[in-house]
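Chain and residue survey
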Amino acid sequence: MSVYNAERYVAEAIQSILGQTEGRFEFLIVNDGSRDASGSILDRYAAQDSRIRVIHQENRGLIFSLNRMLDEARAPLVARMDSDDVSRPERFAVQLAYMQANPQIAVLGTNTDELDADGAFFPCSDYHPEHSADIRERLMVASTMCHPSVMMRRDMIRALGGYRAAFRHCEDYDLWLRVSEQHDLHNLRDRLFLYRRSPDQVSEKHILVQAIGAACARFAARERRAGRPDPFEGATELPSLDQIDAVLGTRSVGSGMRLEVIDSIKYSPDAMNGGGLALMKAHLREGGTKDGFWRTAVRMVKFGMLPQALNLSFDLVRY
């Protein structure tokens, strides 16, 4: 578990792990340069339970922290956890038994229910695909694993290079794509995890960066599956969408990715204010399809974004 300024929720997250019915584990926690009381909360729990090992470091970000924990872990199986979520008591026991019975599986996720920022419970009715073939197919559209719910085989993940630095805010999605090309993934139907939804979570605050990274991850997967080199292997950051074609030596990949990104962010006011509108205008300026764009303009009005809606409408008429 990596922790950054999580004092509001981290105690509940820790207690949900310490309360597992399968208690044979080491609990690695990285305090990634928190500026709130998170560090002292972690140290207090570590003093009370010898299974907890806290690593304090300057802020290096989630990807660095995850890879550090993969290196530090001493067990062959590694379970993920986020500092604002809750694991149900039987989670480790069920996942461990399944991983022991199915040695071909590299990553095992679970289905989830949800909590809001204030702790209210919301049951989920949808399910992630269970079997590896279905997961592999669906991954070319979107992620199919709840990252903090997974249990993974440490050596398999490290052999693939772990989490890649270039894929900020979608590092798990890029990893699942790479895992799926060599190993099996599986989701349990059991809802063993409570995933917290809040306005401050990564998928809300960084939705545009996440959508661009996801489009790049899918493109890289298509290249690998076609027997071509991964264009982002060894990269520490991804090119912007207007640089993609120049970097890759292509002509139309960037416009295709841009349309993928637009489709991913059109329901997010934060993304529209944070660069999404500029992407849509560039798409229209280059003669791209207008399908669904008028609905997006209407949605902007409902979001209270009247100037942006008028701006987009003007381009829809002009181009």
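Please read all numbers here as calculations on a predicted model, not as lab measurements. (Residues numbered from 1 in each chain as written. Predicted model: local features only at pLDDT ≥ 70, side-chain atom pairs only at ≥ 80, totals over all residues. Heavy atoms only, no water.)

1. Side note on unusual backbone geometry
Here N5, not a glycine, exhibits a phi torsion of approximately 50°, which is positive. By secondary structure assignment, the location of N5 is in the loop between strand 1 (2–3) and helix 1 (10–18). (Helix = DSSP H or I, 4+ residues; strand = E, 2+ residues; numbered from the N terminus.)

2. Details of the pattern of salt bridges
Going through the model one piece at a time under the given rule, you end up with 29 salt bridges. In this structure, R197 and E114 form a salt bridge, with 3.1 Å as the shortest nitrogen-oxygen distance. One end of the pair, R197, is in the loop between strand 9 (184–196) and helix 8 (202–205); the other, E114, is in strand 6 (residues 105–115), and 83 residues separate them in sequence. Given a relative accessible area of 40%, R197 falls into the partly exposed group. For the salt bridge of E260 with R222, the shortest nitrogen-to-oxygen distance reads 3.7 Å. Taken together, the residues E260 in helix 11 (residues 253–265) and R222 in helix 9 (residues 207–225) connect sequence positions 38 residues apart. If you follow the salt bridges from partner to partner, you end up with R164, D174, R178, E181, R224, R225, D230 and E233 in one network. (Salt bridge = Lys/Arg side-chain N within 4 Å of Asp/Glu carboxyl O. Buried < 20%, exposed > 50% of the residue type's maximum accessible area, 1.4 Å probe, protein only.)

3. Concerning helix 12 (residues 269–285)
When the local axis directions of helix 12 are compared, the greatest deviation, roughly 70°, occurs at G275. Every buried residue of helix 12 is listed here: A271, M272, G276, L277, L279, M280, K281, A282, H283 and L284. Of the surrounding elements, those touching the buried residues of helix 12 are helix 9, helix 11, helix 13 (293–302) and helix 14 (306–318). The first or second residue beyond helix 12 is G287, which carries a positive phi of 85°. (Bend = angle between axes of the 7 residues up to and from the residue. Contact = heavy atoms within 4.5 Å.)

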